[in-house]
Amino acid sequence: MKYISTRGKAPDLNFENVILTGLARDGGLYLPQSWPSFSNTQIKAMQGKSYQEIAFTVMSPYVCPEISESDFKDLIKKAYSSFRDDEIAPLSQIDNNEWILELFHGPTLAFKDIALQLLGYLFDYVLGKRNEKITIVGATSGDTGSAAIECVKGRKCADIFMLHPKGRVSDVQRKQMTTVQEVNVHNIAIEGDFDDCQALVKALFNDHEFRDQVNLSAVNSINWARVMAQIVYYFTSAVALGAPDRKISYSVPTGNFGDVYAGYVAKKMGLPIDQLIVATNINDILSRTLSCGEYKVGETIPTISPSMDIQVSSNFERLLFNLYDGDGLQVNSLMESLQRTGQFNISKGRLALAKETFDSMCVNEKATKDTISEVFKSAGVLLDPHTAVGINAARKKWNDPATPMITLGTAHPAKFPEAVKDVTGIHPDLPPHMADLFERDEEFDELPNDLIALKKYIVERL
Ligand SMILES: *Cc1c(COP(=O)(O)O)cnc(C)c1O
């Protein structure tokens, strides 16, 4: 498969180079040149297959034969061996026709493990073959950081520098990152918010000299492999509930638009998805954009669902590219407008196109807490606040109760114990492999929101 940049000015790349490159050199994001698609018969044949088998079927058109089929099967097998549930992403029912897709059984208890565990093995495989080493720099609003560190800790092929906004991630999230004591892991607390961290990372990528000097790479959801691995669980969950013979709807707690974009791709690949709901917290830039076409950056407000406290949603650019029929120049001019003025407008026609696929809703803090309480009372299930945002939106936006509604369960409740305890009175326990997290030693450095200081720090530690 050939990959092209959303801004149309960077060279086309193959799969291996796309995963090593992250952000395209023209500032864009890579996408496959075409969408592979499955017939109903092919989708029906997935029924009864294991997660790993479906993962291979869904992802191989993007990866093989560049990586051989048998090597890729092996990488998939290794990636999911660290999950605590044999089904990898089991469904649990909470009401009539209403389900949670539990994506939090990986090593760091959030859905990001599903893609990042695979990416870690892909890096190892590709870099090992080439005898090369990369420097990974990432920004995290909480969950990406620990999942990314977990995927490359102790590996010879990579150093990782992870930026988090100082004081703005939960204690569990910070400890999961800063207690990993490996020489190739470097945690940095930036004096700023998540968008500042993300802007620093983007600036490093746009500095081509620095980028080449350290062989820079990315693990955040600008990396195509992240989106690709997330397409899989739309297929596994839909066929488990009877697709392709019936349609399935999804509600997706959304921040950087990676997870829900993977759902959009699943639909393009032939999966009969009815509704795809973009559920945001009060940092509602995406729900505003999808309702009126105006993408306008505001202040980030801290909430009890911190992994969605985002104003600039990187992956939205991928959707823009599709809405504008792959016209990189149009995407370029929207992104330039964003850079210059902090906003852009999507034309009426293109917005109507987006609305054919996406519903959206912003869920405030009180409604999020009410949902945690309701679901605990009615189903005895503890929800993490991100998943609760998804369930609230699902219940409000659900068009047809005869169509199964699946909300993506993006984190384990024990990752956000304060919020859960506050509402239900119950402190969700960490699973046994992490029970001593709070006794482990932390190690991280603090830096100002300053590009030059960051570059100096990285170069000194390599
Ligand atoms: C990252 C994250 C999200 C947001 O996912 P995006 O792909 O960035 O939209 C939602 N919930 C949790 C728990 C997360 O870690």
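To be clear, the structure that these remarks concern was listed above.
Here's what I pulled together on the structure shown here. Everything quoted here is computed from the prediction, not taken from an experiment.

**Considering the pattern of salt bridges**
1) Next: Here the structure, examined in full by the defined rule, presents 24 salt bridges.
2) Next: Across the pair lysine 455 and aspartate 207 runs a salt bridge whose closest N-O atoms are separated by 2.5 Å. Residue lysine 455 is found in helix H19 (residues 451-461), and its partner aspartate 207 is found in the loop between helix H8 (194-206) and helix H9 (208-214); the two are separated by 248 residues along the sequence.
3) Next: Close ionic contact of arginine 288 with aspartate 284 constitutes a salt bridge, the shortest N to O distance being 3.0 Å.
4) Next: Residue classification places arginine 288 among the partly exposed positions, given a relative accessible area of 28%.
5) Next: Taking the relative accessible area as the measure of exposure, aspartate 284 reaches 18% and is therefore buried.
6) Next: Residues joined by salt bridges that share partners form a network here, namely Asp171, Arg174, Lys175 and Glu442.

**A short note on the site of the ligand**
1) Next: Near the ligand there are 15 residues, and of these Lys112, Asp143, Gly255, Asn256 and Asp259 occur at the shortest range.
2) Next: Between an oxygen atom of the ligand and a main-chain N or O atom of glycine 255, the distance comes to 2.8 Å.
3) Next: Within the backbone of glycine 258, one N or O atom sits 3.2 Å away from an oxygen atom of the ligand.
4) Next: For the ligand, the accessible surface in isolation is 380 Å², of which the surrounding protein chains cover 97%.
5) Next: Grouping the amino acids of the shell around the ligand by side-chain chemistry returns five nonpolar, seven polar and three charged.

**Brief notes about the side chain of threonine 387**
1) Next: Relative to the helices and strands, threonine 387 resides in helix H17 (residues 385-397).
2) Next: Of the polar contacts made by the side chain of threonine 387, one reaches the side chain of aspartate 384; its length is 2.4 Å.
3) Next: Look past the residues within four positions of threonine 387 in its chain and what remains in contact with it is Ile100, Pro253, Thr407, Leu408, Gly409, Thr410 and Ala411.

Calculation notes
- Counting starts from 1 at the beginning of each chain's written sequence and moves along it residue by residue.
- The model is predicted, so local features are restricted to residues of pLDDT at least 70 and side-chain atom pairs to those at 80 or more, both for listing and for counting; the totals for chains, interfaces and linings are taken over all residues.
- Excluding hydrogens and water, the side-chain values take into account all heavy atoms of the structure.
- Note on definitions: salt bridges are taken to be side-chain nitrogens of Lys or Arg within 4 Å of carboxyl oxygens of Asp or Glu.
- Secondary structure elements follow DSSP: runs of H or I no shorter than four residues count as helices, runs of E no shorter than two count as strands, and numbering proceeds from the N terminus.
- With a 1.4 Å probe rolled over the protein chains alone, any residue whose accessible area is under 20% of its type maximum counts as buried; one over 50% counts as exposed, and the rest are partly exposed.
- Residues are counted as near a molecule or strand when any one of their heavy atoms sits within 4 Å of it.
- In protein, a polar contact requires one atom able to donate a hydrogen and another able to accept it; more generally it is a pair of N or O atoms within 3.5 Å, and residues adjacent in sequence count only if both atoms are side-chain atoms.
- All accessible areas in this document rest on Shrake-Rupley with a 1.4 Å probe, and a residue is counted as covered only by the protein chains that are shown.
- Under the grouping applied here, Gly and all other residues not named as nonpolar or charged are polar, the nonpolar ones being Ala, Val, Leu, Ile, Met, Phe, Trp, Tyr, Cys and Pro and the charged ones Asp, Glu, Lys and Arg.
- Contacts are residue-level and defined by heavy atoms, with any inter-residue pair within 4.5 Å sufficient.

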